[in-house]
Structures are given as C-alpha cells and as structure tokens.
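# Inside the fold
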Amino acid sequence: MASSTSTPVPTRRSVTVLAGGVGGGRFARGVRHLARQQDLDVTVVVNTGDDLWLTGLRVCPDLDSVMYALADANDTERGWGRAGESERVSAELTAYGVGWPWFTLGDLDLGTHIARTAMLRDGDDLTRATARLAARWALDVTLLPVTDDEVPTLVDVDRPDGTRDRIHFEEWWVRHRAAIPTHGFVQQGVERASVSAAAAAAIRGADVVLLAPSNPVVSIGTMLGVPGVREALAAARGPVVGVAPVIGGRPVRGMADVCCAVVGVEATAAGIARHYGARRDGGLLDAWLVDEVDADSAAELQRDGLRTRAVPLWMTDDDATADMARAALALGLEARGA
Ligand code: GDP
Ligand code: CA
C-alpha cells in the first residue's frame, strides 16, 4: 500500500490573465475550462478604463462582461450584456432625460450597477465590491479590477465643425462606433492612480501570466498605463505570454485595428508583439502566440528572439479556447525553462 505520508502535497499552479471585456471574457472561460482539467488557480485582472458614472451608478463594462461570461449569464447573440434582458428602466430614464439614450442599460444589468454602487457608497473599494458581486455566481475564478482608482479613458476627437473635443471612451465606442476623426487616448487621473495591491500580487506571484487576446490599446494598453502594472509584469515570477488579438491582419471581432492606427501600432500579430516588446529587452513578453495563418510572422519574431508559436486562435467555443490557453501555458513554461 502506498504511504500517504511520503507523498508530496501537489501545489496548484496559478495563472493570472490580463483581460478586457468581451474578448477577455471569452478567453477567461477557456482558461477556466483548462483549469478544471489541470487543477489550476485562475485570477483575471480586468481593465477599468471603460468605467463611468451614469445615472448615478458606477458602471464597469469590462468587469461585467467578464463576470457575465464566466457566469453563463451573458447574451451570446447580441455579444454584450445579460441574457434574457428587458429595458423598462432605461425607457423611464430616457423619458426623464437622464443618461445616454444611445447607451441602453438593461434592467438585469442595472441590478448589478445598483448593487455595486451600494457597496461603494457603504465603503467598499472596487476590489471588494467586485468580489462580492462575483461571489453570487460561483465563477471558480478570482476577478480583480486592475485598480481601485477612477481612471477613465477619454478620447480626443474632432467635432463635426472641426473643433477638438474630449469624450468618454464609451461615447466614442458605442455612440460613434470609433468612426470619427480621432487623435489619441488619455487616462484621466492616471498620475494619481496605482495598481491595486491584489492585482499586483496576482501578477507578480503567478506561475504564468497570460495577456488575453484583448484590444492591445484600449484594454491591455490602458491596464499597462496604470502605474505599477508594468513594474509588476517586469517583476513577475512566472513567464508572461501574450495571445495575438488579430488573425491574418484582421481584428477578429471589435475595433483593434482602429485603435492601433490611432496610436501608430501596426495591427498585425507581429506589430502588436513588437509593441508589447520582449521582456529580455525591457518589454513585456516572454512568449507570444499567433494564429496559424500568421506562421510567417511567428518565424520572423522567433528570429528576432521572441519565443513564438502558431496555433489556431479562434475562440469559437470553450474547448478551442482552452486549447489556446494550454498552448500559451506550455510555451510560457518552455520559455521559463530555457
Ligand atoms: P472589449 O473590452 O469588450 O472590447 O473586449 P476585449 O478588449 O477583451 O477584446 C476585444 C478584442 O478581442 C477584439 O478587438 C479582437 O481583436 C479580439 N478577439 C475577439 N475574438 C477573438 C478570437 O476569437 N480570437 C482572437 N485571437 N482574438 C479575438
Ligand atoms: Ca472594453
């Protein structure tokens, strides 16, 4: 009979994912799917640049997208918000002339924002409020905002008359579909902000850090702009592996190409890898995954010294996405062992 006393206690490996909203939520589901097979602890650190106060409520679009996706409560057909949603409260708010008529918050979704606002008003920070909201859903994943500070992403644009304006990211994204002359992104208040202690610890201490295939500018980029995030990644104990958010030069869903153009980054798998940079050269990445159609750029990046592999990167379902996460983990551990 095997002696149980001599058996070493297996330590669970920890994975920390940096993520935006919808793409980040899909990826987080795949990582959790893998975690259930491999016994991993998963933490998802989420972008808060899209957050805003609207009709008196604190709305956190990316945190909610990730939470709803992990909870199986998201509307997969529409692509955002809650499944089975109604919009009676929103119609009332519009009738009172309150809020943004082009930014409809569903009734169930408003329940989340009311609960969050109540927690914040009672003294919770966003990290604590997020944990309390997530506890309802038994996500099997720790969800963390990247910062407890309010750092909204604002966008410098032209008005129709050609004068400059600075608008909230959600107005640029949802109302204007990113289709107006755009000059840049500003993180308001970032100089007074810092990464949350929990997010920094999750990044530094993870066995592997994964950058989800989220928007490299307005999701991952805004997180990197929060003081302390780059430092935590640089000090990370484990390898940092990124997953390309573009396949064959196209953003799969979303507007990563528009955002990349605004900040002068080439919207290709190789261009985004170079934008993040290799960790050994002062950048972020120990390894990078591209899609099979981008195998040529994988070879090119390898030659430049970044460990890169080409695998299917379509997040069609949890199995396919778990395969991506498995490949990312393997590549990261390989990079670390090298
Ligand atoms: P958002 O905050 O809701 O805009 O979502 P994210 O920033 O997390 O993710 C949006 C980005 O995910 C898109 O711009 C795409 O570039 C990327 N994306 C979406 N679906 C896929 C997919 O199936 N595969 C890959 N590789 N990238 C994807
Ligand atoms: Ca977002």
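The text that follows walks through the structure, step by step, so that each part is easy to find. (Residues numbered from 1 in each chain as written. Chains lettered and ligands numbered in written order. Predicted model: local features only at pLDDT ≥ 70, side-chain atom pairs only at ≥ 80, totals over all residues. Heavy atoms only, no water.)

### Examining the sheet that holds strand S6 (residues 153–158)
Strand order in this open sheet of three strands is S7-S6-S8, and the pairing throughout is antiparallel. Looking at strand neighbours, the two that pair on one side only are strand S7 (164–168) and strand S8 (182–187), the edges of this open sheet. Across the sheet, the axes of successive neighbouring strands diverge by a mean angle of 25 degrees, strand direction being ignored. The pairing of S6 with S7 spans five bridges and is classified as antiparallel. Paired with Val157 across the two strands is Asp165, which belongs to S7. (Pairing = 2+ DSSP bridges. Helix = DSSP H or I, 4+ residues; strand = E, 2+ residues; numbered from the N terminus. Axes fitted to C-alpha atoms, helices over the stretch in contact; angles between N-to-C directions.)

### Re the environment of Met315
Tracing the backbone shows Met315 in the loop between strand S14 (307–310) and helix H13 (318–337). Classification of Met315 by relative accessible area gives buried; the value is 8%. Each C-alpha atom, one on Met315 and one on Arg26, is 7.0 Å from the other, the two residues being 289 residues apart in sequence. For Met315, the contacting residues outside a window of four places in its chain are Gly23, Arg26, Phe27, Pro213, Arg253, Thr321 and Met324. (Buried < 20%, exposed > 50% of the residue type's maximum accessible area, 1.4 Å probe, protein only. Contact = heavy atoms within 4.5 Å.)

### Here we look at the site of ligand 1
In the neighbourhood of ligand 1, 23 residues make up the surrounding shell, with Ser214, Ser219, Pro245, Arg253 and Leu313 lying closest. One of the backbone N or O atoms of Gly21 is found 2.8 Å from an oxygen atom in ligand 1. Contact between ligand 1 and Ser214: an oxygen atom at 2.6 Å from a side-chain N or O atom of the residue. In the complex, 93% of the free accessible area of ligand 1, which totals 600 Å², lies under the protein chains. Top contributing element to the shell around ligand 1 by residue count: helix H1 (residues 22–38), with three residues. Grouping the amino acids of the shell around ligand 1 by side-chain chemistry returns 13 nonpolar, eight polar and two charged. (Near = heavy atom within 4 Å. Polar contact = N/O pair within 3.5 Å; in protein donor to acceptor, adjacent residues only side chain to side chain. Areas by Shrake-Rupley, 256 points an atom, 1.4 Å probe, with all protein chains shown as cover. Nonpolar A, V, L, I, M, F, W, Y, C, P; charged D, E, K, R; others polar.)

### Regarding the packing of aromatic side chains
The geometry of two aromatic rings is summed up by the distance between their centres and the angle between their planes. As enumerated under the stated definition, the model contains eight aromatic pairs in all. When the ring of Trp172 is compared with that of Trp173, the centres are 6.1 Å apart and the planes differ by 35 degrees; the resulting orientation is tilted. On the basis of an interplanar angle of 80 degrees and a centroid distance of 5.8 Å, the ring pair of Tyr276 and Trp288 is categorised as edge-to-face. Of this pair, Tyr276 sits in helix H11 (residues 269–276) while Trp288 is found in strand S13 (residues 287–290), placing the two residues twelve residues apart along the sequence. Each member of the pair Tyr276 and Trp288 is classed as buried. Connected via pairs of aromatic rings, a cluster forms that spans Phe169, Trp172, Trp173 and Phe185. Across from the ring centre of Trp80, 3.8 Å away, lies the NZ or CZ of Arg78, which sits over that ring. The aromatic ring of Trp137 is capped on one face by Arg136, whose charged end is 4.0 Å from the ring centroid. (Phe/Tyr/Trp six-rings, centres within 6.5 Å; stacked < 30°, edge-to-face > 60°. Lys NZ or Arg CZ within 6 Å of the ring centre and 35° of its normal.)

### Comments concerning the coordination of the calcium ion (ligand 2)
Protein coordination at the calcium ion (ligand 2): the donors are Asp50 (OD), Asp62 (OD) and Asp62 (OD), at 2.2 to 2.6 Å from the metal. Linking Asp50 in the loop between strand S2 (40–46) and strand S3 (52–54) with Asp62 in helix H2 (residues 61–70), this pair joins segments that are twelve residues apart in sequence. Accessibility expressed as a relative area gives 6% for Asp62, which makes it buried. (Donors = N, O, S within 2.8 Å, 3.2 Å for Na, K, Ca; no water.)

### Notes on the packing of H11 against helix H12 (residues 295–303)
Running from N to C, H11 and H12 cross one another at 30 degrees; their axes reach a closest spacing of 9 Å. In terms of axis orientation, H11 runs roughly parallel to H12. Between H11, through Ala269, Ala270, Ala273 and Arg274, and H12, the contact on the second element is made entirely by Ser297, Glu300 and Leu301. When its residues are assigned to classes, the contact of H11 with H12 shows four nonpolar, one polar and two charged. (Parallel < 35°, antiparallel > 145°, perpendicular 65-115°, else oblique.)

### A closer look at the side chain of Thr48
Note that Thr48 resides in the loop between S2 and S3. When near neighbours in sequence (up to four residues on either side) are disregarded, Thr48 contacts Leu63, Leu126, Pro145, Val146, Thr147 and Val151.

### Topic: the pattern of salt bridges
Evaluation of the coordinates by the stated rule reveals 23 salt bridges. Residues Arg78 and Glu87 are paired through a salt bridge, measuring 3.8 Å at the closest nitrogen-oxygen approach. Note on Glu87: relative accessible area 38%, which makes it partly exposed. For Glu191, the salt bridge identified is with Arg192, shortest N-O distance 3.1 Å. You can call Glu191 exposed: its relative accessible area is 57%. Beyond isolated ion pairs, a larger network of salt bridges with shared partners links Arg12, Asp39 and Asp41. (Salt bridge = Lys/Arg side-chain N within 4 Å of Asp/Glu carboxyl O.)

### What about the environment of Ala28?
Its location among the elements puts Ala28 in helix H1. Taking the relative accessible area as the measure of exposure, Ala28 reaches 1% and is therefore buried. Through-space distance from the C-alpha of Ala28 to that of Val42 is 8.6 Å; in sequence the pair is 14 residues apart. The contact partners of Ala28, leaving out residues within four places of it in the chain, are Val44, Val66 and Leu70.

### Overview of the sheet that holds strand S1 (residues 13–19)
Spatially, S5-S2-S1-S9-S10-S13-S14 is the arrangement adopted by the seven strands of the open sheet, whose pairing is parallel. Edge positions in the sheet fall to strand S5 (142–145) and S14, since each of these pairs with one other strand and no more. Along the sheet, successive strands turn relative to each other by an average axial angle of 20 degrees, direction set aside. Pairing between S2 and S5: four bridges, direction parallel. In the strand pairing of S5, Val45 is matched with Leu144.

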